[in-house]
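# Survey of secondary and tertiary structure
Letter by letter, the chains look like this.
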Amino acid sequence: MITILYYQNPDLCLEIEIEEETINRIAFCDEPLNQVVESPFAQEIIRQLDEYFAGSRQEFDLAFFATGTPFQLMVWEQVLKIPYGGYLSYSDIARLIGKAQAARAVGNALKANPVALLIPCHRVIAADGSMGGFGGGNRIKRYLLNLEQRNQGA
């Protein structure tokens, strides 16, 4: 059975799809729907998100499932290696996966990321230092990068 969990803080709203104690999708939303979810896994998701946004958690320990093309999986695997508070450019990721000319394709792979935050695609920026694209919008991308850089030593 698929359950939809909403998480909201003053800066963003997340819609989280859960199936059998695995996160299948995290997307940004405008506002949460009313709900009560009392499963232990849902409570753990909320606890870890609260800790992340409070600056006391740098890595998530939550089961998730992300399916994609072999290229997307290579990109997402590389993005998982970007440390908290750090960032790389789309062209950096392309070079690291051995596809130096594929920066635009890296951006498309990140656009298809089904589990935002867990695969931290917000840590990928344009080579010129600008934000590039982001499913939650550039305001939220900047917010997440600033949050992590501010709490890096926490």
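So, here's what we can say about the structure.

Calculation rules
- Residues numbered from 1 in each chain as written.
- Predicted model: local features only at pLDDT ≥ 70, side-chain atom pairs only at ≥ 80, totals over all residues.
- Heavy atoms only, no water.
- 1 Å grid on protein atoms, 1.4 Å probe; cavity = no way out; pocket = protein on both sides within 12 Å on 5 of 7 lines; lining within 4 Å.
- Points joined across faces, edges and corners; volume = space filled by probe spheres on them.
- Helix = DSSP H or I, 4+ residues; strand = E, 2+ residues; numbered from the N terminus.
- Nonpolar A, V, L, I, M, F, W, Y, C, P; charged D, E, K, R; others polar.
- Pairing = 2+ DSSP bridges.
- Axes fitted to C-alpha atoms, helices over the stretch in contact; angles between N-to-C directions.
- Contact = heavy atoms within 4.5 Å.
- Phe/Tyr/Trp six-rings, centres within 6.5 Å; stacked < 30°, edge-to-face > 60°.
- Buried < 20%, exposed > 50% of the residue type's maximum accessible area, 1.4 Å probe, protein only.

### So, the layout of surface pockets
If you add up the space inside the largest pocket, you get close to 330 Å³. As for the largest pocket, its lining consists of 17 residues, and the residues nearest its centre are Leu 110, Lys 111, Cys 121, Phe 134 and Gly 135. Mapped onto the lining of the largest pocket, the elements with two or more residues apiece are strand S3 (23-28) and helix H4 (103-111). Considering every element that reaches the lining of the largest pocket, the biggest residue donor is H4, with five residues. Class assignment for the residues of the lining of the largest pocket results in nine nonpolar, five polar and three charged. Approximately 240 Å³ is the volume found for the second largest pocket. Classifying every residue of the lining of the second largest pocket gives 10 nonpolar, one polar and three charged.

### Some details on the sheet that holds S3
Each strand in a sheet pairs with another by means of backbone hydrogen bonds, the pair being arranged parallel or else antiparallel. Reading across the sheet, the three strands line up as S1-S2-S3 and stay open at both edges, with antiparallel pairing between neighbours. On the outer flanks of this sheet lie strand S1 (2-9) and S3, each paired with one strand and no other. Each strand of the sheet is rotated relative to its neighbour by a mean of 20°, with strand direction disregarded. Bridge count for strand S2 (residues 12-19) against S3 is five bridges, and the pairing is antiparallel. Bridge assignment links Glu 17 to a residue of S3, and that residue is Arg 25. The sheet contacts of helix H1 (residues 40-54) involve S1, S2 and S3, and relative to S1 the element is tilted by about 25°. Its contacts with the sheet place helix H5 (residues 138-150) against S1, S2 and S3, and it is angled at close to 85° to S2.

### Here we look at the packing of aromatic side chains
Within the structure shown, the criterion is met by six aromatic pairs. With a centroid separation of 4.9 Å and an interplanar angle of 80°, the aromatic rings of Tyr 52 and Phe 53 are classed as edge-to-face. Judged by its relative accessible area of 12%, Phe 53 falls in the buried class. When the ring of Phe 53 is compared with that of Tyr 143, the centres are 6.2 Å apart and the planes differ by 10°; the resulting orientation is stacked. Residue Phe 53 is found in helix H1, and its partner Tyr 143 is found in helix H5; the two are separated by 90 residues along the sequence. Overall, the relative accessible area of 16% leaves Tyr 143 in the buried class.

### Description of the pairing of S1
Examined bridge by bridge, S1 and S2 share eight bridges and lie antiparallel to one another. Across the sheet, the residue bridging to Tyr 6 is Glu 15, located in S2. Linking S1 back to S2 in an antiparallel pair, the connection comprises two residues.

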